[in-house]
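# Chain and residue survey
Now for the letters of each chain:
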Amino acid sequence: MRTPFVAGNWKMNKTIAETRELVFKLSMKLRDIHGVEKVLCPPFMSLMAASALLEGAGIGLGAQNMHWEEKGAFTGEVSPVMVKELCKYVILGHSERRAYFNETDDIVNRKLISAQTFDLTPIVCVGETLEQYESKLTREVVSRQTSQSLRDVSPAFAQRIVVAYEPVWAIGTGKASNGLEANAVVKDVIRPALAKLFGDETAQAIRVLYGGSVTSANASEFFGQPDIDGALVGGASLKIDEFVAITQAAVI
Ligand code: 13P
């Protein structure tokens, strides 16, 4: 039995003051929803403010990225030890990091190994671009991203990993995938790749989310799929009623 999981990726949105307001309002409503693991991922600058407000609310806090090294001369970067001071979770390998900041599977993998070392729960993103989708390369690309980004960690740690399948063409476009198509990628591509890395039992225990234009209107279509265990929500996670409704829809 996999516990449903819903995370809000705020991306580069909200100042500290705005974060306080949104986290306060969200936590008032989200704290009463049980049976789903809830996570908010505001920008680094806002994590401290969010952390103070979320104390005891049963809502997790995540960073959107981190460096793999513990410390050192890496100007502008944030280390896993620093993330760990405030967060339990960290998003790794989001397609925007892959596309705009040249993150490769190898870099994502280094960060994943670092998450294992520093005891963070990673949300690892995979997903094909529109061009790859149209060229029918989805399976090949997602399989490769999964096996290369998630290699070389222990099966015990692997159980904690959350994978997010986010087709790039569905992100921020209002053009979500559909339940059946997304479920097929998770079932036929992601779980088999996980099984090859960690064995069948662990592959079945790992939560796999869908992400890409999730709204309160389409969330149930994804959550109703047997291999989809929740959502990584972008735009709709900034709207209180939307994110609360999506979280509620994830409760089995
Ligand atoms: P949207 O929900 O805005 O499409 O973003 C999805 C996403 O990238 C979450 O990480």
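Preceding block: the structure.
Here's what I pulled together on the structure shown here. (Residues numbered from 1 in each chain as written. Predicted model: local features only at pLDDT ≥ 70, side-chain atom pairs only at ≥ 80, totals over all residues. Heavy atoms only, no water.)

## A word on the site of the ligand
Condition: Working definition: residue near molecule or strand if any one of its non-hydrogen atoms lies within 4 Å of it. The term polar contact refers here to a pair of N or O atoms within 3.5 Å; inside protein, the definition further demands a hydrogen-donor-capable atom paired with an acceptor-capable atom, and it admits residues adjacent in sequence only when both atoms are side-chain atoms. Only the protein chains shown count as cover for residues, and all accessible areas are computed by the Shrake-Rupley method using a 1.4 Å probe. Three residue categories are used. Nonpolar comprises Ala, Val, Leu, Ile, Met, Phe, Trp, Tyr, Cys and Pro, charged comprises Asp, Glu, Lys and Arg, and polar comprises the others, including Gly.
Lining the immediate environment of the ligand, one finds Asn9, Lys11, His94, Glu166, Ala170, Ile171, Gly172, Gly212, Ser213, Leu232, Gly234 and Gly235. In this structure, an oxygen atom belonging to the ligand sits 2.9 Å away from a main-chain N or O atom of Gly234. Coverage of the ligand by the protein amounts to 95% of the 310 Å² it exposes when considered alone. For the shell around the ligand, the residue count by class is three nonpolar, seven polar and two charged.

## Quick notes on the packing of aromatic side chains
Which entries qualify depends on this criterion: The aromatic pairing rule takes the rings of Phe, Tyr and Trp, using the six-membered ring of Trp, and pairs them if the centres are within 6.5 Å, calling planes under 30 degrees apart stacked, those over 60 edge-to-face and the rest tilted. Secondary structure follows DSSP: runs of H or I at least 4 residues long count as helices, runs of E at least 2 residues long count as strands, and numbering of each begins at the N terminus. Burial status follows relative accessibility: with a 1.4 Å probe on protein chains alone, a residue under 20% of its type maximum counts as buried, one over 50% as exposed, and anything between as partly exposed.
Following the criterion strictly, the structure yields three aromatic pairs and no others. Relative to Tyr89, the ring of Phe5 has its centre 5.8 Å away and its plane inclined at 75°; by these criteria the two rings are edge-to-face. Of this pair, Phe5 sits in strand β1 (residues 5-9) while Tyr89 is found in strand β4 (residues 89-92), placing the two residues 84 residues apart along the sequence. When the ring of Tyr210 is compared with that of Phe222, the centres are 4.0 Å apart and the planes differ by 5°; the resulting orientation is stacked. With Tyr210 in strand β7 (residues 207-211) and Phe222 in helix α11 (residues 219-223), this pair connects stretches of sequence that are twelve residues apart. Each member of the pair, Tyr210 together with Phe222, is buried.

## Observations concerning the nonpolar core
We apply this condition: Put simply, a nonpolar core is a bunch of buried Ala, Val, Leu, Ile, Met, Phe, Trp, Tyr and Cys residues held in one set by side-chain atoms that sit within 4.5 Å of each other. Residue contacts follow a heavy-atom distance rule, with two residues in contact if any of their heavy atoms lie within 4.5 Å.
Leu40, Ile161, Val163, Tyr165, Ile190 and Leu194 are the most contacted members of the largest nonpolar core, which totals 60 residues. Residues contacting Ile190, with those up to four places away along its chain left out, are Val126, Val142, Thr146, Val163, Tyr165, Val185 and Val208. Counting twelve residues, the second largest nonpolar core, distinct from the first, contains Phe5, Cys41, Cys125 and Leu209.

## Comments concerning unusual backbone geometry
We note that Asn102 has phi near 55°; this positive angle belongs to a residue other than glycine. Among the structural elements, Asn102 can be located in the loop between α4 (95-100) and α5 (105-117). The exposed category is assigned to Asn102, whose relative accessible area is 59%.

Without other data, these values stay purely geometric and don't point to any function.
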